[in-house]
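Spelled out, the chains give:
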Amino acid sequence: MSLLKKADEVRAGFFNTLQEDPARVDLEALRIEYLGRKGKVATLFKQMGQVAPEERAAFGQTLNQLKQELTEALDERESAAAAEKHSTEEAKIDLTLPGIASPAGTYHIITQSLNDMIDIFGRLGFSVAEGPEVESEWRNFDALNILPDHPARDMQDTFFTKSGHVLRTHTSPVQVRLMQSQPPPIRSIMPGKVYRNEAVSARSHAMFHQVEGLYVDKRVTFGELKGTLELFCREYFDEDVKLRFRPSFFPFTEPSSEVDISCFLCHGKGCRICKQTGWLEILGCGMVDPAVFEAVGYDPDKVTGYAFGIGIERPALLRYGIPDIRMFYENDLRFLRQF
Ligand code: PHE
């Protein structure tokens, strides 16, 4: 058989294999079989010696062409196979699937409550002020007309520091700071943490939050206090909540009152939460005592004012049916994520 014919056969064999089912052709094996060092094309080259000298050049050219043809065909198939593989992998990515959301934090329920209150009072013209949690005894007690023999000043009720300061037992000392730092009028709320030396239980904690309110100007009246608190409670608790002002006593207000709201769970009918009374106690308030104005350098003949202090935890406990106040501070995400 002439070598040219052999070359044709090699070409035909190669393309036959290449045209088989593309998934089954092993391109690498095919390359070795035909183009490898001992492959079919190399074998043809070795037989050049048998060709008549005058035909050798033409035959060499034919072989070179064959080699090039096979190489190109293989290269083409290989890059097609690579592209195919890539696109099936891509097809596995479903771009319409929702992404993996990174978990966003939420506000702690106490922060949410504070923000709600700040928002409501903000609309009523109250600005926000803050003071330190470690406070002088004078601001926490004396300036607020709480005399040295008052039971609140006992070690049993108050945390004292070695330096003779106290952890503030209420947010009322911030009233004192505000009035000391600026002349009237003042209309502010003062949110923050307060501390009491109490046994921690499901119902009470040694640390909790209050929002203090203070409005001082010429001729501020108790009627305005009532109106403001009513508006606040309707916004914060329930549209048709009722308020009950009970006469009470605080050294820094005169007259003083404790305010109950109609139970927002049973709407006054009586339930376990309001202990069948239909009422929930939520805040203390009153008209600023002239002794407080004197302590901060205001003239009690020229200004009057009202003040109130609202607890944060208790209404939140009631509102969401939380059984234990300690849950607020345990940082258990299973609890916190619910709000
Ligand atoms: N400071 C009082 C308390 O902690 C609440 C209060 C504030 C009462 C302002 C009257 C006026 O109980």
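One structure accompanies this document, and this report is about it. Keep in mind it's a predicted model, so treat the numbers as computed, not measured.

Some thoughts on the pattern of salt bridges
This structure, assessed with the given rule, holds 19 salt bridges. Residues Lys40 and Glu33 are paired through a salt bridge, measuring 3.1 Å at the closest nitrogen-oxygen approach. Between Asp119 and Arg123 there is a salt bridge, with its nearest N and O atoms 3.3 Å apart. Placement of the pair is Asp119 and Arg123 together in helix α5 (residues 109–123), with a separation of 4 residues, close to one helical turn. Exposure remark for Asp119: the relative accessible area of 45% places this residue in the partly exposed category. With a relative accessible area of 54%, Arg123 lands in the exposed category.

A short note on the packing of aromatic side chains
Applying the stated criterion to the full structure yields 18 aromatic pairs. Measuring from ring centre to ring centre gives 5.1 Å for Phe14 and Phe15, while their planes differ by 90°; the resulting arrangement is edge-to-face. Since its relative accessible area comes to 21%, Phe15 is described here as partly exposed. Taken together, a centroid distance of 5.5 Å and an interplanar angle of 75° make the contact between Tyr215 and Tyr306 edge-to-face. Of this pair, Tyr215 sits in strand β5 (residues 207–217) while Tyr306 sits in strand β9 (residues 304–311), placing them 91 residues apart in sequence.

Observations regarding the side chain of Ser262
If you trace the backbone, Ser262 turns up in strand β7 (residues 253–262). From its side chain, Ser262 meets the backbone nitrogen of Lys242 in a polar contact 2.8 Å long. Aside from chain neighbours lying at most four places away, what touches Ser262 is Asp240, Val241, Lys242, Gly278 and Trp279.

Here's the deal with the sheet that holds strand β4 (residues 186–195)
A sheet is described by the order of its strands in space; here 7 strands give the open sequence β1-β4-β5-β9-β8-β7-β6, paired in mixed fashion. Here the strands that pair on one side only, and so sit at the sheet edges, are β1 (127–128) and β6 (243–250). Bridging between β7 and strand β8 (residues 279–288) involves 8 bridges; their strand directions are antiparallel. Residue pairing in the sheet places Asp260 in a bridge with Glu281 of β8. Packing against the sheet, α5 makes contact with β1, β4, β5 and β9, and its axis sits at approximately 165° to β4. Contacts from helix α10 (residues 313–320) reach β5, β8 and β9, with the element oriented near 155° to β8.

Each value, and the rule that gives it
- Residues numbered from 1 in each chain as written.
- Predicted model: local features only at pLDDT ≥ 70, side-chain atom pairs only at ≥ 80, totals over all residues.
- Heavy atoms only, no water.
- Salt bridge = Lys/Arg side-chain N within 4 Å of Asp/Glu carboxyl O.
- Helix = DSSP H or I, 4+ residues; strand = E, 2+ residues; numbered from the N terminus.
- Buried < 20%, exposed > 50% of the residue type's maximum accessible area, 1.4 Å probe, protein only.
- Phe/Tyr/Trp six-rings, centres within 6.5 Å; stacked < 30°, edge-to-face > 60°.
- Polar contact = N/O pair within 3.5 Å; in protein donor to acceptor, adjacent residues only side chain to side chain.
- Contact = heavy atoms within 4.5 Å.
- Pairing = 2+ DSSP bridges.
- Axes fitted to C-alpha atoms, helices over the stretch in contact; angles between N-to-C directions.

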